[in-house]
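Residue-level structure breakdown
Here is how the chains run, residue by residue.
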Amino acid sequence: VMILYVNDKRLRFCVSASRLHASQIESAWQLSISSRTLRLGVGQVAGSGAGKILPSKLAKEPMIEAVFEMRFESSAPVAAMLPGILYSKLTGSLSMEQLPPHAMPKEIRDADPNFQHLPLTKCSWGNYWILIGDRIFAVASKLPYAGWADFRQKIEVAFGVALETGMITTVNRCSIKYVDILD
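Fair warning: this is a prediction, and the values are worked out from it, not measured in the lab. (Residues numbered from 1 in each chain as written. Predicted model: local features only at pLDDT ≥ 70, side-chain atom pairs only at ≥ 80, totals over all residues. Heavy atoms only, no water.)

1. Observations concerning the packing of aromatic side chains
- What the rule picks out here adds up to seven aromatic pairs.
- One aromatic cluster is present, formed by Y128, Y145, W148, F151 and Y178 through successive ring pairs.
- Over the face of the ring belonging to W129 we find K122, whose NZ or CZ atom lies 4.1 Å from the ring centre.
- The aromatic ring of W129 is capped on one face by K142, whose charged end is 4.2 Å from the ring centroid. (Phe/Tyr/Trp six-rings, centres within 6.5 Å; stacked < 30°, edge-to-face > 60°. Lys NZ or Arg CZ within 6 Å of the ring centre and 35° of its normal.)

2. Some remarks on helix α4 (residues 148–164)
- Over its 17 residues, α4 runs 24 Å from end to end, which matches the ideal 24 Å to within 8%, given 1.5 Å per residue.
- Listed in full, the buried residues belonging to α4 are W148, F151, I155, A158, F159, V161 and A162. Down the axis, α4 shows its buried residues gathered within 165 degrees of arc, on one side only. The exposed set on the far side of α4, more than 90 degrees from its buried face, consists of A149 and E164.
- Positive backbone phi, at 80 degrees, marks G166, one or two positions downstream of α4. (Helix = DSSP H or I, 4+ residues; strand = E, 2+ residues; numbered from the N terminus. Expected span 1.5 Å × (residues − 1). Buried < 20%, exposed > 50% of the residue type's maximum accessible area, 1.4 Å probe, protein only. Arc of directions from axis to C-beta.)

3. A closer look at the packing of helix α2 (residues 78–89) against α4
- Close contact between α2 and α4 brings their axes to 10 Å; oriented N to C, the two are set at 125 degrees. When the axes of α2 and α4 are compared, the pair comes out oblique. Crossing geometry of α2 relative to α4 is assigned as right-handed. In contact with L82, I85, L86 and K89 of α2, α4 contributes A158, V161, A162 and E164.
- Here the contact of α2 with α4 is built from residues that sort into six nonpolar, no polar and two charged. (Axes fitted to C-alpha atoms, helices over the stretch in contact; angles between N-to-C directions. Parallel < 35°, antiparallel > 145°, perpendicular 65-115°, else oblique. Left-handed = near helix turned anticlockwise from the far one by under 90°. Contact = heavy atoms within 4.5 Å. Nonpolar A, V, L, I, M, F, W, Y, C, P; charged D, E, K, R; others polar.)

4. A closer look at the confidence of the model for the protein
- For the protein, per-residue confidence averages 74 on the pLDDT scale, and 68% of positions sit at 70 or higher.
- Throughout residues 1–46 the model reports pLDDT below 50, and contacts reaching past four residues in sequence, or to other chains, amount to 79 contacts. (pLDDT = per-residue confidence, 0-100.)

5. Topic: the pairing of strand β7 (residues 128–132)
- In terms of burial, β7 is largely enclosed, as four of its five residues are buried.
- Of the pairings in the sheet, the one linking strand β6 (residues 121–125) to β7 comprises five bridges and is antiparallel in character. Bridging across to β7, T121 finds its partner in I132.
- Two successive antiparallel strands, β6 and β7, enclose a turn made up of two residues, where G126 displays a positive phi of approximately 65 degrees.
- Of the strand pairs in this sheet, β7 and strand β8 (residues 136–141) are connected by five bridges, and their pairing is antiparallel. Directly across from L131, in β8, lies its bridge partner A138.
- Where β7 folds back on β8, the antiparallel hairpin that results is connected by three residues. (Pairing = 2+ DSSP bridges.)

6. Digging into the pairing of β6
- Buried residues dominate β6, accounting for four of its five residues.
- In this sheet, β6 lies alongside strand β5 (residues 94–98) in antiparallel orientation, the contact comprising five bridges. Each bridged residue has a counterpart across the sheet, and for M96 the counterpart in β6 is C123.

In structure tokens:
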């Protein structure tokens, strides 16, 4: 469990969760965060910089990657079927490309744990990527990052389509990853 402060509100995040049934996933990934502004000790600097106030916003956006990922078990070949379903259900321009692991036989991907959660298809959807594999579904932001409100809306739409298919039987893990570089 880790504690984050968002807009001066204390939030508890469970870093790893037990297995969730697909019907429980919607409540698991709907977070009550209204903004991505994290309070990371904003206040006075101790030591040699004593008396100086830390900035509340950086001049240059440090975000280089934002990904919301779900790992799951399924009753159908999700990697083969879900791209077509997304193409028919999502609005806006959608283009798809197969990634190199797609050429690997499914038996090999299933046998080696290192290959089980690799994306096989990458769909470009406006300012976002949708990554689909045998046991993975993810939404990733392209640069520049549009902000949490837009990212959350795209997550809800894409995951809504994926979950309403009924192919995903058990959700093993949901995670959100932000990668920042501070200059």
